[in-house]
Amino acid sequence: MANNIYITAAESKSGKSAIMLGLMQLFLKKVRKVAIFRPIINQPLEKGAKDHDINLLLDHFSLNVPYADTYA
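Asks: Report on the packing of aromatic side chains, specifying residues and quantitative values.
Replies: Inspection of the entire model under this criterion finds one aromatic pair. Aromatic pair Tyr 67 and Tyr 71: ring centres 5.3 Å apart, planes at 55°, arrangement tilted. Here Tyr 71 falls in the partly exposed class, since its relative accessible area comes to 29%. The side chain of Lys 50 reaches across the aromatic face of Tyr 67, ending 5.1 Å from its centre.

Structure (structure tokens):
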């Protein structure tokens with residue numbers, strides 16, 4: 001059984017956030033531990049700024065994962 005899932009799209013504004021929210025909701029009902037990791041962040045982060053998608057999932061689902069561990 002797979003331990004990871006990777007969500008990607010060919011273009012921006014394709015609805016990835018909605019898909020991520022739905023899948024995370026499903027996973028949290030079925031799986032004991034869930035986390036998020038984005039290997040690539042498109043925009044350079046300004047000092048103190050956070051990636052929108054990562055922040056959305058961490059806040060919405062109250063995931064106990066340090067922000068620094070969610071991206072490369």
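On we go.
Asks: Tell me about the nonpolar core, residues and numbers included.
Replies: Met 20, Met 24, Val 34, Ile 36, Ile 41, Ile 54, Leu 57, Leu 58, Phe 61, Leu 63, Val 65 and Tyr 67 together form the largest nonpolar core, which totals twelve residues. If you list the elements that add at least two residues to this core, you get helix 1 (16-30) and helix 2 (52-61). The element best represented in this core is helix 2, accounting for four residues. Excluding anything up to four places from it in sequence, Ile 41 contacts Asp 51, Ile 54 and Tyr 71.

Criteria and cut-off values
- Residues numbered from 1 in each chain as written.
- Predicted model: local features only at pLDDT ≥ 70, side-chain atom pairs only at ≥ 80, totals over all residues.
- Heavy atoms only, no water.
- Phe/Tyr/Trp six-rings, centres within 6.5 Å; stacked < 30°, edge-to-face > 60°.
- Buried < 20%, exposed > 50% of the residue type's maximum accessible area, 1.4 Å probe, protein only.
- Lys NZ or Arg CZ within 6 Å of the ring centre and 35° of its normal.
- Core = buried A, V, L, I, M, F, W, Y, C linked by side-chain atoms within 4.5 Å.
- Helix = DSSP H or I, 4+ residues; strand = E, 2+ residues; numbered from the N terminus.
- Contact = heavy atoms within 4.5 Å.

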